[in-house]
Amino acid sequence: MNLTNLPLISIVTFLPLAGAIIILFLRREEENNIKQTAMATAVLTFIVSLLFVVRIGPVGGFDLARAGFQYGEKVAWIPAFGINYEVGIDGISLLLLLLTTLLTPLAILSSWNSIKERQKEYMIFMLILETGMLGVFVSLDLFLFYVFWEITLVPMYFLIGIWGGPRRVYAAVKFFLYTMAGSLLMLLAILYLGINGHTFSLTELLANHSWLAGAPQMALFVGFAVAFAIKVPLWPFHSWLPDAHVEAPTAGSVILAGVLLKMGTYGFLRFNLPLFPDAARQAAPVIAVLAIIGIIYGAIVSFAQTDVKKLVAYSSVSHLGFVMLGIFSFTPQGIQGAVLQMINHGLSTGALFLMVGFIYERRHTREMDQFGGLWKILPIYGTLFLIVSLSSMGLPGLNGFVGEFTILLGTWAANPVWAAFAATGVILAAIYILTMFQKMFMGETRNEENKHLLDLSQRELWVIVPIIVLIFVIGLYPNPFFQAMTTSVDGVLRQFGPLVAGG
Amino acid sequence: MNLQVTSTDYLSILPPTILAVFAMLVLVIDLFVKPERRPGLAWLALIGFVVAGVAAFALINQRGTGFHGMIALDPYAQVLGLVAIVAGGFTVLTSFNYVRDRNIGRSEYYALLLFSVSGMVLMASANNLIIVFIALELLSIPLYVLAGFARPDPQSEEAALKYFLLGAFASGFLLFGIALTYGALGSIDLTVIAAKIGQVGSSPMLLIGAGLILVGLGFKVAAVPFHMWTPDVYEGAPTPITGFMSVGAKAAGFAAMLRVFGYSLHAIQADWVIIVAILSAATMIVGNIIAISQTNLKRMLAYSSIAHAGYILMGVASANQTGMAGALFYLLAYTFTNIGAFAVLTAMARPEGENQTFPAYRGLYKRSPGLALMMMIFMLSLTGIPLTGGFIGKYYLFLSAIEARLYWLAIIGVLTSVVSAFFYLRVIVDMFMREAEPGQEVKAVNYAPLNWTINLTALATFVLGVIPTSALALVQLAAKLLMGT
């Protein structure tokens, strides 16, 4: 067997599914076996996915200089419709793929003790969800992309609906309906492209997209954009997000914020910009304004929250606004910053949700006024919480700063006014995050119930420390991450037309 | 006139004949077996469906016409015939314990079922408007009786009477439409009509005739505004029969509609496309929106079946090969899905009293996980989530609408799909995410034939969604040979 032709992408994508199938055959009483199988699968997936970065013998590695997609695979799936199973990755999808394979085992580990009911189903849904998310990031066939896109809906719907909080059913249904409404319009746009472009393959569409100049680009752009904007979520499509986040179990929130939201921004970058450059240019001011509204609105609403989890949820609206702004600046820095910020947000906000989950497991409340003075009792927890908060806030030396700064740099080159407004978001973030930290950790320990809390367990440290390490790595030495995506971002912009001044 | 009967003639009516022969066998043998052994005749009926299915499958590559062009022998006829036969066969399995528990299991039940399916299969191969009419009566009259089979349940009797009265009206419309069409063109042979229409074009009389045919068939497929009978009839009829009606009668109605409009009247499509498109839009909107407010699953599925007629009408309105193939595929996928869903409803129907309200399904996953999982697959397929047959079907129909540049119709289609997700999800919510109220736990019955149906239809729903290639090849061949120019 020729190892160089190993279908590495398919292996990584479908490993979790294989694990889910194994769990299917375990008895529901074998709780430990179920959890261990799930964890082992997720860890194995992560290790295999590292092959894309580290070359071992003839297998693996990633050619940073090469434009276009690597590790391509193409097999006919439904020939009657001209639909292929076509996958491949470039630098942008590589980073998001690694983010997914990293966050999933951490999310599974974090639910080790908090999920007590129907563990079997829970783990199966987690692993199916991972396959779905990975599929979204590697698909190069529009139909295949749509299939994976929709498939992620079902396990997430169950994760929220079964293991969520008191209003979980409402939140789950709202999440499902919002996303489906958007994605069906995208399906119509995909169909139009398929019929008139005679292929569903993204690479083929891009190679021969002169016909698109005469197509109703704006309608197609909107078809895709609505689906992605709901997922991001771009203001005013965000109203499903606080509900879903607050009701979801911790691991669900981590995956939702960490990966699912990125499917939206990734979609803009992968499809909207290259396929419909003219429409994207026309729509850019509108989207930028919505993104800025989201940045400021998300920050202000965050500030008004009394529930920490809600606060973190709304802060996502704000952070994702930055990402959208970076993408629609159409400058290399803006887009590179946006891609890095997708990773950063996945790490920081994922970590914040984990942190909130840890305290919730101990106190069964997330109301900030129930806490106060926690740092004295939980020194390790407090310190790690501070690092994560500061990373989310964008403190120099941590990951968030690099992303936001690069985005603002790119946006400034495109439109200084946008950058000025967006920068207020950075200040507002400092306000709501520091206030939160102060309410929870500083001052006297007033509440008796908080006085006997236990600090983080070893398992919890295993969950959070990998993220903390990455927060520092990206903050201090972001170069490898930028290198991974530079060629791909340039590729997106080349499809898009001449580089904008300042690039 | 040459009155010799050739082998093509025999072949063309082979599957419906087999069904009719088995129906009569069931009736005759019933006289000679002891009463306690009569339920076993269900297996004879099942054998009838299997034999007819094998025959239809074997004929799938045949081409020709029988009885001087009255009966078509083409893949189109066999594909839709198979849909009806599959629906009939599974209905035998779902009915077996249902009718026995309720003591309504007379052998006539299965004989009527066989007759009805023979009418549906004949409808699929009808190449003459008179055969369309005869087939419609042959499939409908047994259905009127079957709808009232749960006698003395007043709901069932109401269902039968309502179905009969409105069905008779529909037949009248159809017959009048046939007469006017004959007046306009001088022929009721669908091939001749197709040829003549190219020369003479449309005329007011022809359009009125075609319109009345559309009304008559619209009743059968439950298209808005001819759907009024559906909810009451579906709710009142015995649950397995409801499942059968919702797919079999629909498949037969569309079989005729697609052949008449998609083939014979294809040349004057400019005159009727907009009307069918409006019907389609109205059917999708009304069916889906009223389904939201239902509190009874059987009624909800009745309205949902109206809505699904709307999606299939989208394929008719597209008036292209993609639309016809899409409609055929959709019917195939819908048959498995809906028969399966109604089989789950049958499993939830306790003999001592049927409670099909949503609360009865609460916490079903805890009581019968397998059943709940299968129901989830059916609900996801009806919603149109990828990896189910329902998704590929919807995809195909949207594809045809966009090809035909009916963008507005496609947009209505996707928006109503979102609406439909709401009530299909409600079933999943109740089964998986809510607990049953104490004392309200409806325990599902557990019978082998029923479980077989549920598992097989779920498997088929899944396979049609993941590897639809051979089914797609079949429907595309059928559409191409019928419409190919």
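For the structure, check the block above.
Everything quoted here is computed from the prediction, not taken from an experiment. For every chain, the first residue of the written sequence is number 1, and numbering continues from 1 onward in sequence order. Chain labels run from A onward and ligand labels from 1 onward, assigned in the order the entries are written. Under the rules for a predicted model, residues below a pLDDT of 70 receive no local features and side-chain atom pairs below 80 are neither given nor counted, while totals for whole chains, interfaces and linings still include all residues. In computing side-chain properties, one takes all heavy atoms of the structure into account and sets aside hydrogens as well as water.

### What about the overall build of chain A?
(1) Moving on: The way it works is that DSSP assigns letters per residue, a run of H or I at least four long becomes a helix, a run of E at least two long becomes a strand, and they are numbered from the N terminus. For chain A, the helix and strand inventory stands at 20 helices and 2 strands.
(2) Moving on: For 503 residues, the compact-globule formula gives about 23 Å, and the C-alpha radius of gyration of chain A, at 22 Å, lands near that figure.
(3) Moving on: Seen along its three principal axes, the alpha-carbon backbone of chain A occupies a region of about 70 × 55 × 45 Å.
(4) Moving on: Considering chain A as a whole, with its 503 residues, one finds that 66% of them fall into the buried category.
(5) Moving on: Throughout, a contact is declared for two residues whenever any of their heavy atoms are within 4.5 Å. Taking the intrachain contacts of chain A between residues at least 6 apart in sequence as the baseline, contacts between residues at least 24 apart amount to 80%.
(6) Moving on: If you average the places of the 27 positive and of the 27 negative side-chain charges in chain A, the two averages end up 3 Å apart. C-alpha atoms define the radius of gyration in this analysis, and the globule rule sets the expected value at 2.2 Å times the number of residues to the power 0.38. A 1.4 Å probe rolled over the protein chains alone gives each residue an accessible area, and that area as a share of the maximum for its type sets the label: buried under 20%, exposed over 50%, partly exposed in between. Charged residues are defined narrowly, with Lys and Arg counted positive, Asp and Glu counted negative, and His plus the chain ends left uncounted. The location of each charge is read from NZ of Lys, CZ of Arg, CG of Asp or CD of Glu.

### Comments concerning the overall build of chain B
(1) Moving on: Tallying secondary structure elements over chain B gives 20 helices and 2 strands in all.
(2) Moving on: Computed over the C-alpha atoms, the radius of gyration of chain B is 21 Å, within 12% of the 23 Å expected from 2.2 N^0.38 for a compact globule of 485 residues.
(3) Moving on: When the backbone C-alpha atoms are referred to their principal axes, chain B occupies close to 70 × 55 × 40 Å.
(4) Moving on: Counting across all 485 residues of chain B, residues that qualify as buried make up 64%.
(5) Moving on: For accessible areas, the Shrake-Rupley method is used with a probe of radius 1.4 Å. Any residue's cover is judged against the shown protein chains and nothing else. Surface accessibility of chain B: about 16400 Å² in total, with carbon and sulfur atoms responsible for 68%.
(6) Moving on: Counting 25 positive and 21 negative side-chain charges, chain B places the averaged centre of each group 4 Å from the other.

### Some remarks on unusual backbone geometry
Where the residue is not glycine, phi is negative for most of them; where a peptide bond is considered, it is trans in most cases.
(1) Moving on: In this model, Val232 of chain A is joined to Pro233 of chain A through a cis peptide bond whose omega is -10°.
(2) Moving on: Val224 of chain B connects to Pro225 of chain B through a cis peptide bond whose omega is 5°.
(3) Moving on: Looking at the element boundaries, Pro225 of chain B is found in the loop between α9 (204-221) and α10 (230-236).
(4) Moving on: In the Ramachandran plot, His198 of chain A falls in the positive-phi region, its phi being about 60° despite a non-glycine side chain.

### Examining the interface of chain B and chain A
(1) Moving on: On the side of chain A, 35 residues touch chain B, which itself brings 37 residues to the contact.
(2) Moving on: The junction of chain B with chain A conceals about 3300 Å² of combined surface from both sides, 81% of it contributed by carbon and sulfur atoms.
(3) Moving on: Interface area lost by chain B to chain A is led by Tyr395, Leu425 and Met433 of chain B, which between them contribute 21%.
(4) Moving on: Think of a salt bridge as a Lys or Arg side-chain nitrogen and an Asp or Glu carboxyl oxygen that are within 4 Å of each other. Put simply, chain B and chain A have 1 salt bridge between them.
(5) Moving on: Put simply, Glu117 of chain A and Lys366 of chain B hold a salt bridge, and the shortest N to O gap is 3.9 Å.
(6) Moving on: Contacts described as polar in this section are N or O atom pairs within 3.5 Å, which, within protein, must combine one atom able to donate a hydrogen with one able to accept it, while residues neighboring in sequence count only if both atoms come from side chains. Counting across the chain B and chain A interface gives 5 residue pairs in polar contact (both at pLDDT 80 or more).
(7) Moving on: Counting residues per element, the ones that place at least two in the side of chain B that touches chain A are α15 (364-367), α16 (369-383), α17 (389-403), α18 (407-433), α19 (448-466) and α20 (469-483) of chain B.
(8) Moving on: The leading source of residues in the side of chain B that touches chain A is α18 of chain B, at 13 residues.
(9) Moving on: Note that Gly is not counted as nonpolar here; it falls among the polar residues with everything else outside the nonpolar set of Ala, Val, Leu, Ile, Met, Phe, Trp, Tyr, Cys and Pro and the charged set of Asp, Glu, Lys and Arg. Looking at side-chain class alone, the side of chain B that touches chain A contains 28 nonpolar, 5 polar and 4 charged residues. By buried area we mean the combined loss of accessible area, with a 1.4 Å probe, across both parts when two parts are placed together.

### A short note on the packing of aromatic side chains
Pairs of aromatic rings are described using the distance from one ring centre to the other and the angle between the two planes.
Residue and element names in this part refer to chain A.
(1) Moving on: In this analysis, rings of Phe, Tyr and Trp, with Trp reduced to its six-membered ring, are considered paired at centre separations within 6.5 Å, and the interplanar angle assigns stacked below 30 degrees, edge-to-face beyond 60, and tilted for intermediate values. Inspection of the entire model under this criterion finds 55 aromatic pairs over all chains.
(2) Moving on: Between the aromatic rings of Phe125 and Phe158, the centroid separation amounts to 4.8 Å while the plane-to-plane angle is 5°, which identifies the pairing as stacked. Taken together, the residues span a long stretch of sequence, with Phe125 in helix α4 (residues 119-138) and Phe158 in helix α6 (residues 153-163) at a distance of 33 residues. Each member of the pair, Phe125 as well as Phe158, is classed as buried.
(3) Moving on: Here the aromatic rings of Trp375 and Phe437 are separated by 5.4 Å at their centres, their planes lie at 85°, and the arrangement is edge-to-face.

### Focus: helix α19 (residues 458-476) of chain A
All names here are of chain A.
(1) Moving on: A helix is expected to reach a length of 1.5 Å times the quantity of its residues less one. Here α19 is 19 residues long and its end C-alpha atoms lie 26 Å apart, about the 27 Å a rise of 1.5 Å per residue gives.
(2) Moving on: Turning to α19, its buried residues number three or more, namely Arg459, Glu460, Val463, Ile464, Ile467, Ile468, Ile471, Ile474 and Gly475.
(3) Moving on: As for α19, its buried residues are in contact with α3 (91-110), α14 (332-363), α16 (379-393), α17 (399-414) and α20 (479-496).

### Some details on the side chain of Thr406 of chain A
Residues and elements named next belong to chain A.
(1) Moving on: Here Thr406 is to be found in helix α17.
(2) Moving on: A residue is classified by how much of its surface remains accessible, and Thr406, at 11% relative accessible area, is buried.
(3) Moving on: Not counting residues up to four positions away in its chain, the partners in contact with Thr406 are Gln333, Gly334, Gly337 and Phe482.

### A few points about the nonpolar core
(1) Moving on: The criterion is simple. A nonpolar core is a set of buried Ala, Val, Leu, Ile, Met, Phe, Trp, Tyr and Cys residues joined through side-chain atoms within 4.5 Å. Ranked by size, the top nonpolar core spans 395 residues in total, and within it Tyr157, Phe158, Phe224, Leu273 and Phe328 of chain A together with Met375 and Phe432 of chain B carry the most contacts.
(2) Moving on: By residue number, the principal contributor to this core is helix α14 (residues 321-348) of chain B, which donates 19 residues.
(3) Moving on: Residues within four places of Phe328 of chain A in sequence aside, it is in contact with Phe221, Phe268, Leu273, Ala280, Ala284, Ile287 and Trp418 of chain A.

### Here's the deal with the packing of α14 of chain A against α19 of chain A
Residue and element names in this part refer to chain A.
(1) Moving on: Note on definitions: angles span 0 to 180 degrees between N-to-C directions of axes, and those axes are lines fitted to C-alpha atoms, for helices only across the stretch in contact. Two elements in contact, α14 and α19, have axes separated by 10 Å at closest approach and are oriented at 150°. For the element pair α14 / α19, the angle class is roughly antiparallel. The way α14 lies across α19 gives a crossing that is left-handed. In this structure, α14 uses Leu340, Ile343, Asn344, Leu347, Ala351, Leu354, Met355, Phe358, Glu361 and Arg362 to contact α19, whose residues at the interface are Arg459, Glu460, Val463, Ile464, Ile467, Leu470 and Ile474. By the definition adopted for this analysis, an angle is roughly parallel if under 35 degrees, roughly antiparallel if over 145, roughly perpendicular if from 65 to 115, and oblique otherwise. Should the near helix be turned anticlockwise from the far one by less than a right angle, the crossing is termed left-handed; should it be turned clockwise, right-handed.

### Considerations on the pattern of salt bridges
(1) Moving on: By the definition in use, this model includes 23 salt bridges over all chains.
(2) Moving on: Where Lys174 of chain A meets Asp243 of chain A, a salt bridge forms, and the shortest distance between an N and an O atom there is 2.8 Å. Here Lys174 of chain A, found in helix α7 (residues 168-197), pairs with Asp243 of chain A, found in helix α10 (residues 240-247); they are 69 residues apart in sequence, far enough to count as distant.
(3) Moving on: Across the pair Arg434 of chain B and Asp430 of chain B runs a salt bridge, and its minimum N-O distance is 3.2 Å.
(4) Moving on: Residue Arg434 of chain B is classed as partly exposed on the basis of its relative accessible area of 34%.
(5) Moving on: Beyond isolated ion pairs, a larger network of salt bridges with shared partners links Glu158, Lys162, Asp232, Glu235 and Arg299 of chain B.

### Examining the pairing of strand β2 (residues 83-89) of chain A
Residue and element names in this part refer to chain A.
(1) Moving on: Buried residues dominate β2, accounting for 7 of its 7 residues.
(2) Moving on: Because side chains alternate across β2, one face comprises the buried residues Ile83, Tyr85, Val87 and Ile89, and the other comprises Asn84, Glu86 and Gly88, equally buried.
(3) Moving on: Strand pairing is assigned whenever DSSP identifies at least 2 bridges connecting the two strands. Across 6 bridges, strand β1 (residues 70-78) lies against β2 in antiparallel orientation. By the bridge assignment for β2, Ile78 is matched with Ile83.

### Remarks on α10 of chain A
Residue and element names in this part refer to chain A.
(1) Moving on: In terms of residue burial, α10 counts as a mostly covered element, since 8 of its 8 residues are buried.
(2) Moving on: Turning to α10, its buried residues number three or more, namely Trp240, Leu241, Pro242, Asp243, Ala244, His245, Val246 and Glu247.
(3) Moving on: Summarising the contacts, the buried residues of α10 are in contact with α6, α7, α9 (217-231), α11 (250-275), α13 (308-327) and α14.

### Focus: the environment of Val86 of chain B
All names here are of chain B.
(1) Moving on: For Val86, the position within the fold is in helix α4 (residues 75-101).
(2) Moving on: The class of Val86 is partly exposed, set by a relative accessible area of 26%.
(3) Moving on: As for Val86 and Val50, which are separated by 36 residues in sequence, their C-alpha atoms are 8.5 Å apart.

### What about a nonpolar patch on the surface?
(1) Moving on: Taken together, the side chains of Trp452, Leu456, Leu459, Phe462, Val463 and Ile467 of chain B present a nonpolar region at the surface, about 590 Å² in accessible area.
(2) Moving on: Tracing the sequence through the fold places Leu456 of chain B in helix α19. Here, patches come from residues exposed beyond 30% relative accessible area and free of salt bridges, joined within 9 Å for like charges and within 5 Å for nonpolar side chains (Val, Leu, Ile, Met, Phe, Trp, Tyr).

### A closer look at the packing of α3 of chain A against α11 of chain A
All names here are of chain A.
(1) Moving on: Interhelical geometry of α3 versus α11 gives an angle of 170° and a closest axis separation of 9 Å. As judged from the angle between their axes, α3 and α11 are roughly antiparallel. Listed contacts from α11 to Ile92, Ser93, Leu96, Leu99, Thr100, Leu103, Thr104, Ala107 and Ser110 of α3 are Ala251, Val254, Ile255, Gly258, Val259, Lys262, Tyr266, Leu269 and Arg270.
(2) Moving on: A per-class count over the contact of α3 with α11 returns 11 nonpolar, 5 polar and 2 charged.

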